[in-house]
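# Results of the structural survey
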Amino acid sequence: MYIGDFKETYASDQAVFVNTTSRFWLGVLFVLLAVFPFVVGDYLLFMANLIGITIIGAVGLNILTGCAGQISLGHAAFIGVGGYTAAILSSRFNMPFLLCLPLSGCMSAAFGIIVGGPSLRLKGMYLCIATLSAQLILEFVFVHWESMTGGIRGINISPPQIFGVVLDNDFKFYFLTVTLVIICVTAARNLFRTRVGRAFIAIRDRDISAELMGISLLRYKTYAFAVSSFMAGLSGCLWVNFLKTVTPEHFPLLESVRYLAMIIVGGMGSILGSIFGAVFMTVVPEGIKSILGLLVSVFPNAMSFLFPLQQVIFGLLIVIFLVFEPHGLAEIWRRIKNYFHLWPFDH
Amino acid sequence: MDIFLQLISSGFLVGGIYALIALGFVLIYKATNIINFATGEFMMIGAYIFYSLMVYLELSPFVGFPLVIVCAALLGALVERLILRHMLGQPNISIIMVTIGLSSILLGLAEMIWGSSFRSFPPLFPRKPIILGEIVLRSNLFYGFVMAMVVVAVFLIVFKYAKVGVAMRATANDQVAAFSMGINVKTMFTISWAFGAIAASLGGIIIGNIGGVQPTLGHIGLKIFPIVILGGLDSIIGAVIGGFIVGIVENLAGGYLDPYFYGGVKDLAPFIVLLFILFIKPYGLFGTKEIERL
Amino acid sequence: MSILCVDDVSLAFGGLEVLCDVSFEVNEGEIFAIIGPNGAGKTSVLNIISGFYRPKKGTVFFKGADIGHLTPDKRAAQGMSRTFQNIALYHGMSVLDNIKLGAHSHLKTGLMGGLWYWGAAHREEMALRKKIEEDIIDFLEIETIRKQPVGSLAYGLQKRVELARALAMRPEILLMDEPVAGMNAEETEDMARFILDIKEEHNITIVLIEHDMQMIMDISDQVLVLNFGQKLTCGTPDEVQKHPEVIKAYLGREKNQ
């Protein structure tokens, strides 16, 4: 049971995991993550990879939209840029995966800066529409620049190889995904312990007074776009290497909306929330699919409802969370934690 | 030269129809400052309801139109009361996201009800194309344009002279002042949503009549954004002008560039224009830069 | 010696003249008050000094140099700090983080350093925390609320946190927009004491806008009177109180009541 804190240094007061209890649970989490692939079947491994890849993308979007307040409808396209960069580099230039990964991130970041740079002057809905245009234009390029992207047929690649190990199944890939998720989540969390993260939140809350406090709006908005789309690029690169193929239909506008839904459901401006959101939004459609699968015996055409039902449920989740629980699952999680804080002696 | 004139004139007609849809956006934005991403879906729902009335119930269009207007008004008012009312005072991002969520719900529902296949309307207008000199105009397009312009004109007149229109303008101008003048601001919000939904769904019927209807018809709603950025977010006349420009740009791009890119440029061109405009003028062509206070 | 010099500044929004040929000088280490009826352009003067508005004409000199071309964030980095009429704290952050944000221009952590955190960024954060605790939190007596989200604080405390944030910028000049507006007598007295302490202990020049005449006359060294965007007069509190134009335009109204 956790009773109270006694801290002697500022460092211990500002640590992310402030006490032994929370550090203990972190340890438990790591052990579970390490044991997980050895005990579960193929399907759960596949899902775990998918969730991990989505988490990286969601953390990126949450930094930009949730923390820095710059709404983006083009996140899927930035993920796509990363994915295509990875596919082109590996299929044409036989570039090793460990080089492809950062390069895809950088390529996405570059696109993010190009789109986001002018955002210094664009506010709210104007920015939203500019990113929407970027999404549509990039989608067009994915489809129509056939010599480079392979058009609607896309590009197939061979499985990635790291230090001589070929990651040709979900089990091996899992370790790569988990490592990258941990790195990205830690880096994002770190960022918000320094002046850079504080500047993001200040820009979100009141951009004008932030500037009077000495924060260069141009620089920090550009940073936010760069970090966010870098992570999108990593996510895209992983995605493409995981599926070993890339086609334009992976990155439609709807996917951007799905990412926005994730960070809303999870909790805007919360790194933990991005994780919750990514898990939730990947598991829920699978849940719908399996429920419909059970119904097929009764209603033979149940599966044709899969896509529209997912649509309706995404929409409902967005609306319900924004109306009733604007801080998302992260806030619910915090309340549960507080409830058990002094449990069973909470009076 | 023939092709050019042909493209310009059909672009002009399409633009008039876009103007009506953009009006559905502007009416809501003007009164409530809400960016409605679900305008396109209102349009699609309107088209489907009309289709159902015509095909399943075999009603005459003269009964169908008023019924669609009633349904759309109910839908708009319902959305405002059930969802947007709870979002008053929330940050912009959340409100934009709620309308995106709404569009997702409507799209899914439409596909569940009507399926994803493509349906075409029974003929509404005489099929004979309109021929002006060397220009040939498709009859659906021409009569659709005429209808759109009539509806836009009706809205303009209502906005300018009717009591409810004046109250809406007052609300748009200054909510607090309107409130203290005895205008029920919340009712005005509901009415604006109803009006917006009506304009959008009538636009949807016209578009559906030209090209058929399917759940993704709502994607045409995205074209509203180039239109309103061109025309200014809260100006009805601006929406009309923006609609014409986008219609013409789109047709020219489609006519001259599509052959080189195997299609797709037509829908993309307005967004490229839009990005250029935003780079040069961050508040749109006719938008006013707000004086910010501390 | 003058630290801040506003020279012949005019400002207009469209056809609306907000300020017309306003000039004044603020001496180093003094408390300089700007008073005037509502809509006289007081806040606009501060906004021009901090670079949020660009004047139509005229120049602003800070520490002897023309700062007209500098963006607000550069001016802040040069030692200009500000509190706001309607409190502009960041509601998404705790009191402590709000104060830390004020120190932004004095920190060096870049994007990469922030993502990595361990090492230089960590040391910098710890040094910052120590400095803030010792110099500011202790001075303004806000130890008990440091971990609270700012939204939950009472109005008077929020004003104090805003002052703390401004002090964390380690300014040479502090611009305060109505620091005691809406406060009760006790809170006003506290704030007046803090303002005097800031001037004396930290040797910071203060420009403040206020409607509380008693406080103005008690603590300020110079008073500038604005009316309808024009400078009526500028001088010591005694001179200003005796100035016939001022009595007519501003204080006189109170006498008649």
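Quick note: structure is the one above.
Residues numbered from 1 in each chain as written. Chains lettered and ligands numbered in written order. Predicted model: local features only at pLDDT ≥ 70, side-chain atom pairs only at ≥ 80, totals over all residues. Heavy atoms only, no water.

## Details of the overall build of chain A
Each helix and strand in chain A was counted, giving 15 helices and four strands. Relative to the compact-globule value of 20 Å for 347 residues, chain A shows a C-alpha radius of gyration of 21 Å, a close match. Projecting the C-alpha coordinates of chain A onto the three principal axes gives extents of approximately 65 × 55 × 45 Å. As displayed, chain A offers around 14,700 Å² of accessible surface, 70% of which is attributable to carbon and sulfur atoms. (Helix = DSSP H or I, 4+ residues; strand = E, 2+ residues; numbered from the N terminus. Rg over C-alpha atoms; globule rule 2.2 N^0.38 Å. Areas by Shrake-Rupley, 256 points an atom, 1.4 Å probe, with all protein chains shown as cover.)

## Some details on a nonpolar patch on the surface
Residue and element names in this part refer to chain B. There is a patch of nonpolar side chains on the surface, built from Ile3, Phe4, Leu5, Tyr256, Leu257, Tyr260 and Phe261 and spanning about 700 Å² of accessible area. Mapped onto the nonpolar patch, the elements with two or more residues apiece are α1 (2-32) and α10 (236-261). With four residues, the single largest contributor to the nonpolar patch is α10. Note that phenylalanine 261 resides in helix α10. Relative accessible area serves as the criterion here: at 36%, phenylalanine 261 is assigned to the partly exposed category. (Patch = residues over 30% accessible without salt bridge, like charges linked within 9 Å, V, L, I, M, F, W, Y side chains within 5 Å. Salt bridge = Lys/Arg side-chain N within 4 Å of Asp/Glu carboxyl O. Buried < 20%, exposed > 50% of the residue type's maximum accessible area, 1.4 Å probe, protein only.)

## With respect to the interface of chain B and chain A
Taken together, the contacts link 43 residues of chain B with 40 residues of chain A. Buried surface at the junction of chain B and chain A, both sides included, amounts to about 3,800 Å², of which 82% is carbon and sulfur. Together, Ile93(B), Met97(B) and Met112(B) form the three largest contributors to the area buried by chain B at its contact with chain A, with a combined 16%. At the boundary of chain B with chain A, the tally comes to zero salt bridges. Secondary-structure elements contributing two or more residues to the side of chain B that touches chain A are α4 (92-114), α9 (224-231) and α11 (265-280) of chain B. Looking at the side of chain B that touches chain A, the element that brings in the most residues is α4(B), giving 15 residues. Across the side of chain B that touches chain A, the residue classes break down as 32 nonpolar, eight polar and three charged. (Contact = heavy atoms within 4.5 Å. Buried area = accessible area lost by both parts, 1.4 Å probe. Nonpolar A, V, L, I, M, F, W, Y, C, P; charged D, E, K, R; others polar.)

## Things to note about the pattern of salt bridges
Within the structure shown, the criterion is met by 28 salt bridges over all chains. Among the salt bridges present, the one from Arg335(A) reaches Glu331(A), with a minimum N-O distance of 3.8 Å. Highlighted residues: Arg335(A) and Glu331(A), both in helix α15 (residues 328-341), separated by four residues, approximately one helical turn. The partner of Asp177(C) in a salt bridge is Arg82(C), and the shortest N-O contact between them spans 4.0 Å. Of the two residues, Asp177(C) is situated in strand β7 (residues 173-177) and Arg82(C) in strand β6 (residues 80-83); the sequence distance between them amounts to 95 residues. Pair check on accessibility: Asp177(C) and Arg82(C) agree, each one buried. Because the salt bridges share partners, they merge into one network encompassing Asp13(A), Arg129(C), Glu133(C), Arg146(C) and Lys147(C).

## Points about the sheet that holds β6(C)
All names here are of chain C. In space, the six strands of this open sheet follow the order β6-β7-β8-β3-β9-β10, with mixed pairing throughout. Unpaired on one side and paired on the other, β6 and β10 (230-235) mark the two borders of the sheet. Strand-to-strand twist in this sheet, taken as the mean axis angle between neighbours without regard to direction, amounts to 15°. Across four bridges, the pairing between strand β3 (residues 31-35) and strand β9 (residues 222-227) is parallel. If you follow phenylalanine 32 over to β9, its bridge partner there is glutamine 222. Packed on one face of the sheet, helix α1 (residues 42-49) meets β3, β6, β7, β8 (205-209) and β9 and runs near 150° to β7. (Pairing = 2+ DSSP bridges. Axes fitted to C-alpha atoms, helices over the stretch in contact; angles between N-to-C directions.)

The values reported here are purely geometric and, on their own, carry no functional implication.
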